[in-house]
Number of protein chains: 2
Amino acid sequence: MAGSGTRERILEASLRLFNDEGVAAISAHRVAAELGISPGNLHYHFKTKQAIVERLFMRFEGRLVPCIDATASVTALDDLWLSLHLNFEAVSEYRFIYRDISYFLNEFPALEARSHALTARNVIAAEALCAGLAAAGVIEASAEDVQMLALQLVFTTTCWFTFKRLISPHQPAGRHADAALAAYYALTLLGPYVVGEARDYLNYLRAKYLR
Amino acid sequence: MAGSGTRERILEASLRLFNDEGVAAISAHRVAAELGISPGNLHYHFKTKQAIVERLFMRFEGRLVPCIDATASVTALDDLWLSLHLNFEAVSEYRFIYRDISYFLNEFPALEARSHALTARNVIAAEALCAGLAAAGVIEASAEDVQMLALQLVFTTTCWFTFKRLISPHQPAGRHADAALAAYYALTLLGPYVVGEARDYLNYLRAKYLR
DNA sequence: GTCTATATGCGGATAGAC
DNA sequence: GTCTATCCGCATATAGAC
C-alpha cells in the first residue's frame, strides 16, 4: 500500500494546491513541478488528473462521514456546535470540492452521484440531529421547521466558506481557523427556536464571537 | 450605440451559454460558432473573453441594483417576499456569475472589487429591510438578530441556486421558474421572528409551497 | 520508478485580405 | 464588418530510454 511515498506526496501536494488556487487553475505539470518530479513520473502514478481528484474525493467522503454520523448522542446545543465545528473543519480541509461546485460537477461527472449521495446523507443526519434537540426540549420546532433547519444547516456548512470570499478579502493560504466562527454562524439559524437554559449557552457564544 | 447588432447578439449568446454550461466551459470559438460568425469577427467586437464577461457583469449590476434599492417601502412580509423573488430572478438571469464564485474571481480579478461592493450593498439593503419590518412590528428581532438575518438572506440569494445542484438533478437549460420557491425558502429564515397577523401570510405560503 | 522528449489538441489572440 | 489563415502557449497524455 505504502510502497511508494511518491503517490502519497502527489495526493498531498494536489490537495494543497487545489485548495489554495482552485482545481481549475492547477495543471498536472504544476503539481509535478511543486514536488520536483517530472510530469512523466506523475503520469506513472496517476494516469489522469481526474484520477487524482477522484481519489481525493473518496478521502473527503471518509473524512466527512464520521463527522455527520457521530451525531446520535446530540442532546445539547454545544454538542451541535461541536458537530458543526468538526463538519466545517472537514469541508475546509477539502474546500476545493465545494469551491466551484458547478465546475467541479461538470468536469468530473463521475462524482456527481457521489456528491448527491453525500449531501443527502448530510441532510438526513442534520434532520435527525434537529429532531433530537426538539425531543430533548432544547428547541421548540415543528416537523416542518426541523426539515427547513436541516436544509439550512447543510447549505451553510457546504457553501459558507465559498460565500465568505464575497464579503471579506480572499484568505491567502492555509487559513481555515475560522471553523469555530462558522459554527457559531450556523448555530444562529437555530437561535430563535431555542428555549430554556440553552439560551444561556447561546448568549455565551454571542459574547465570544460578536465583535 | 446600436450600430452593430452583432455586438448585442454576442452578448446575448455568451450570457446564455455561460449560464447553461459555465463560463469556464465556453470558449470564444464556441460563442462564435453558436452565432455562425468567425472567431475573427468576434474578436473585432470584443478583444478578449474577459471584455465580454465584464460587460455582462456590468449589466448584472444594472439589473440587480434596482431590485435591492427599491426596498424603502417594505413594511409587510409579502413585500419582502416580492423583493426576494425579484432578487432571485436577477441572480438567475446572470447565474454564471455566482455559479463558480472562486473561479470567477480568480479568472477576472478586475471584478473582485465590484463583486465585493455589490454584495456589501446587498447586505446593507437587507439590513434596512429587516430593520423596517422590525420597526413595523412584523418581526420581533434585536439589532444583532437583524444583522444575522440580513447576512443569511444575502447568502441565500447569492448561493442557493448553486447549492441546489447538490440536492436535485441538474436543470437542463433555461429553467429558472423556481425563483418563487427560492423566495419562500429564504423567507422561512424570518419565520420564527414573525409575530402578529403576518403569521397568516406565512401559513398561506407554506400551504402553497410545502409538498 | 523516474527521467527526457514529444504528440496532439484547444483556447486566446492576431494579421491581413475582402 | 466579416472572413480565412495562423501564431502562440498551455494542458493532457504518451513513448521510450535509464
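Residues numbered from 1 in each chain as written. Chains lettered and ligands numbered in written order. Predicted model: local features only at pLDDT ≥ 70, side-chain atom pairs only at ≥ 80, totals over all residues. Heavy atoms only, no water.

Each helix and strand counted, chain A has eleven helices and zero strands in total. Its C-alpha atoms give chain A principal-axis dimensions of roughly 65 × 35 × 30 Å. Buried positions account for 52% of the 211 residues belonging to chain A. The long-range share in chain A, meaning contacts at least 24 apart out of those at least 6 apart in sequence, stands at 74%. Carbon together with sulfur atoms contributes 56% to the accessible area of chain A, which is approximately 9200 Å² in total. Taking the average place of the 20 positive charges on the side chains of chain A and the average place of its 22 negative ones, the gap between the two points comes to 9 Å. (Helix = DSSP H or I, 4+ residues; strand = E, 2+ residues; numbered from the N terminus. Buried < 20%, exposed > 50% of the residue type's maximum accessible area, 1.4 Å probe, protein only. Contact = heavy atoms within 4.5 Å. Areas by Shrake-Rupley, 256 points an atom, 1.4 Å probe, with all protein chains shown as cover. Lys, Arg positive; Asp, Glu negative; His and termini not counted. Charge placed at Lys NZ, Arg CZ, Asp CG, Glu CD.)

Lining the immediate surroundings of DNA strand C are 15 residues, of which Thr6, Ser38 and His45 of chain A together with Ala28 and His43 of chain B lie closest. Backbone polar atom of alanine 28 of chain B to a phosphate oxygen of DNA strand C: 2.8 Å apart, as the coordinates give it. At 2.7 Å from a phosphate oxygen of DNA strand C is found a side-chain nitrogen or oxygen belonging to histidine 43 of chain B. Of all the secondary-structure elements, those providing two or more residues to the surface near DNA strand C are helix H3 (39-45) of chain A together with helix H2 (28-35) of chain B. Tallying contributions element by element places H3 of chain A first for the surface near DNA strand C, with four residues. (Near = heavy atom within 4 Å. Polar contact = N/O pair within 3.5 Å; in protein donor to acceptor, adjacent residues only side chain to side chain.)

Looking now at the side chain of aspartate 178 of chain A. All names here are of chain A. Within the secondary structure layout, aspartate 178 lies in the loop between helix H9 (143-164) and helix H10 (179-187). For aspartate 178, a relative accessible area of 13% gives the class buried. Excluding anything up to four places from it in sequence, aspartate 178 contacts Phe161, Lys164 and Gln171.

Close to DNA strand D lie 15 residues, the nearest being His29 and His43 of chain A together with Ser38, Tyr44 and His45 of chain B. Taking all atoms of DNA strand D within 4 Å of the protein, the share assigned to sugar and phosphate is 67%. Threonine 6 of chain B is positioned such that a nitrogen or oxygen atom in its side chain is 3.1 Å from a phosphate oxygen of DNA strand D. Asparagine 41 of chain B is positioned such that a nitrogen or oxygen atom in its side chain is 3.1 Å from a sugar or linking oxygen of DNA strand D. The biggest single contributor to the surface near DNA strand D is helix H3 (residues 39-45) of chain B, with four residues. Split into classes, the residues belonging to the surface near DNA strand D amount to three nonpolar, eleven polar and one charged. (Nonpolar A, V, L, I, M, F, W, Y, C, P; charged D, E, K, R; others polar.)

In this section: the relation of the copies chain A and chain B. Mapping chain A onto chain B calls for a rotation angle of 180° and an axial translation of 0.0 Å; the resulting RMSD is 0.0 Å. On this basis, the relationship between the two copies can be described by a two-fold rotation axis. Across chain A, the rotation axis passes nearest the C-alpha of aspartate 100 of chain A, at a separation of 2.1 Å. The residues that chain A uses at the interface reappear at the interface of chain B in 98% of cases, marking a shared surface. (Least-squares fit on C-alpha atoms with pLDDT ≥ 70 in both.)

This part takes up the side chain of threonine 158 of chain A. Residue and element names in this part refer to chain A. Inspection of the secondary structure assignment puts threonine 158 in helix H9. On the basis of relative accessible area, threonine 158 is assigned to the buried category, the value being 5%. Looking at threonine 158, its side chain comes within polar contact range of the main-chain oxygen of valine 154, at 2.7 Å.

Residues and elements named next belong to chain A. Taken domain by domain, chain A holds domain 1 (1-47) and domain 2 (50-210). With centres defined by C-alpha atoms, the gap from domain 1 to domain 2 works out at 29 Å. Between domain 1 and domain 2, the contact holds 15 residues from the first and 17 residues from the second. Between domain 1 and domain 2, roughly 1400 Å² of surface is buried when both sides are summed, and carbon and sulfur atoms account for 65% of that area. The largest per-residue losses of area from domain 1 upon contact with domain 2 belong to Leu11, Asn19 and Val23, which jointly make up 38% of the total buried on that side. Counting every contact that joins domain 1 to domain 2 gives two salt bridges. (Domains from an automatic or database assignment. Buried area = accessible area lost by both parts, 1.4 Å probe. Salt bridge = Lys/Arg side-chain N within 4 Å of Asp/Glu carboxyl O.)

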